[in-house]
Amino acid sequence: SLQGQLDPFAKHLLPIFLEGAKDTEADMRQNSVYGLGELVLWGGPGLEPKYNQILSDLSMILTAETAPQVIDQVVAGVARFLVVDSGCVPVQELLPVLLTNLPLKA
């Protein structure tokens, strides 16, 4: 399993993905948000203290984003939080976000 394998790299990758998610190019934002989702999925328990920050950033992106492919990646990132099923994940708050943004657009 890849679970936890990204943990040693999370402190380096997280700021890069968070910054890339604010880029002016939709492709960069899409790829950065995808990276955030994968980091959550494979980062392991060492990333749990950053979950609130990541969720907050994804929420801000979802509120302001107009590019369908980026919105779809945010929804996928939210789904990855649900897959991780950590006690730190606010499932009751995330599930409506996921369902409201289905079906995917891009």
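Up top is the structure.
Please read all numbers here as calculations on a predicted model, not as lab measurements.

Considerations on unusual backbone geometry
Comment: phi is negative for the bulk of residues other than glycine, and the bulk of peptide bonds are trans. Following Leu102, the chain continues to Pro103 via a peptide bond in cis, the omega torsion being -5 degrees. Mapping Pro103 onto the fold places it in the segment after α5 (91–100).

Some words on the packing of helix α4 (residues 68–84) against α5
The N-to-C vectors of α4 and α5 enclose an angle of 145 degrees; their axes lie 10 Å apart at closest approach. The handedness of the crossing between α4 and α5 comes out as left-handed. Side by side, α4 and α5 meet where Val75, Val78, Ala79, Phe81 and Leu82 of the first sit next to Val91, Leu94, Leu95, Val97 and Leu98 of the second. Here the contact of α4 with α5 is composed, by residue class, of 10 nonpolar, no polar and no charged.

Concerning a nonpolar patch on the surface
Judged by side-chain polarity, Val91, Leu95, Leu99, Leu102 and Leu104 come together as a nonpolar surface patch covering roughly 420 Å² of accessible area. Residue classification places Leu104 among the partly exposed positions, given a relative accessible area of 48%.

Overview of the packing of aromatic side chains
Scanning the model with the defined rule gives 1 aromatic pair in all. For the pair Tyr51 and Phe81, a centre-to-centre distance of 5.0 Å together with 80 degrees between the ring planes defines the contact as edge-to-face. Taken together, the residues Tyr51 in helix α3 (residues 51–64) and Phe81 in helix α4 connect sequence positions 30 residues apart. Of the two residues, Tyr51 and Phe81, neither departs from the other in class, the shared state being buried.

A word on the nonpolar core
By size, the foremost hydrophobic cluster in this structure holds 25 residues, and its most contacted members are Leu14, Val33, Leu47, Ile54, Leu58 and Phe81. Listing elements by their share of this core, those giving two or more residues are α1 (7–20), α2 (26–43), α3, α4 and α5. Leaving out residues up to four positions away in the same chain, Ile54 has contacts with Leu14, Val40, Leu47 and Phe81.

Focus on α1
A rise of 1.5 Å per residue sets the reference length of α1, with its 14 residues, at 20 Å; its end C-alpha atoms lie 20 Å apart and thus fit the reference within 8%. The sharpest bend along α1 measures roughly 40 degrees and falls at Leu13, with the proline Pro15 sitting one to four residues further on. Those residues of α1 not exposed but buried are Ala10, Leu14, Phe17, Leu18 and Gly20. Buried residues belonging to α1 abut α2 and α3.

Details of the pattern of salt bridges
This model, assessed by the stated rule, comprises 2 salt bridges. Linking Arg29 and Glu65 is a salt bridge whose minimum nitrogen-to-oxygen distance equals 2.9 Å. Here the residue Arg29 occupies a position in helix α2, and Glu65 occupies one in the loop between α3 and α4, the gap between them amounting to 36 residues. Looking at Glu65, the relative accessible area reads 12%, which means it is buried.

Criteria and thresholds
Residues numbered from 1 in each chain as written. Predicted model: local features only at pLDDT ≥ 70, side-chain atom pairs only at ≥ 80, totals over all residues. Heavy atoms only, no water. Helix = DSSP H or I, 4+ residues; strand = E, 2+ residues; numbered from the N terminus. Axes fitted to C-alpha atoms, helices over the stretch in contact; angles between N-to-C directions. Left-handed = near helix turned anticlockwise from the far one by under 90°. Contact = heavy atoms within 4.5 Å. Nonpolar A, V, L, I, M, F, W, Y, C, P; charged D, E, K, R; others polar. Patch = residues over 30% accessible without salt bridge, like charges linked within 9 Å, V, L, I, M, F, W, Y side chains within 5 Å. Areas by Shrake-Rupley, 256 points an atom, 1.4 Å probe, with all protein chains shown as cover. Salt bridge = Lys/Arg side-chain N within 4 Å of Asp/Glu carboxyl O. Buried < 20%, exposed > 50% of the residue type's maximum accessible area, 1.4 Å probe, protein only. Phe/Tyr/Trp six-rings, centres within 6.5 Å; stacked < 30°, edge-to-face > 60°. Core = buried A, V, L, I, M, F, W, Y, C linked by side-chain atoms within 4.5 Å. Expected span 1.5 Å × (residues − 1). Bend = angle between axes of the 7 residues up to and from the residue.

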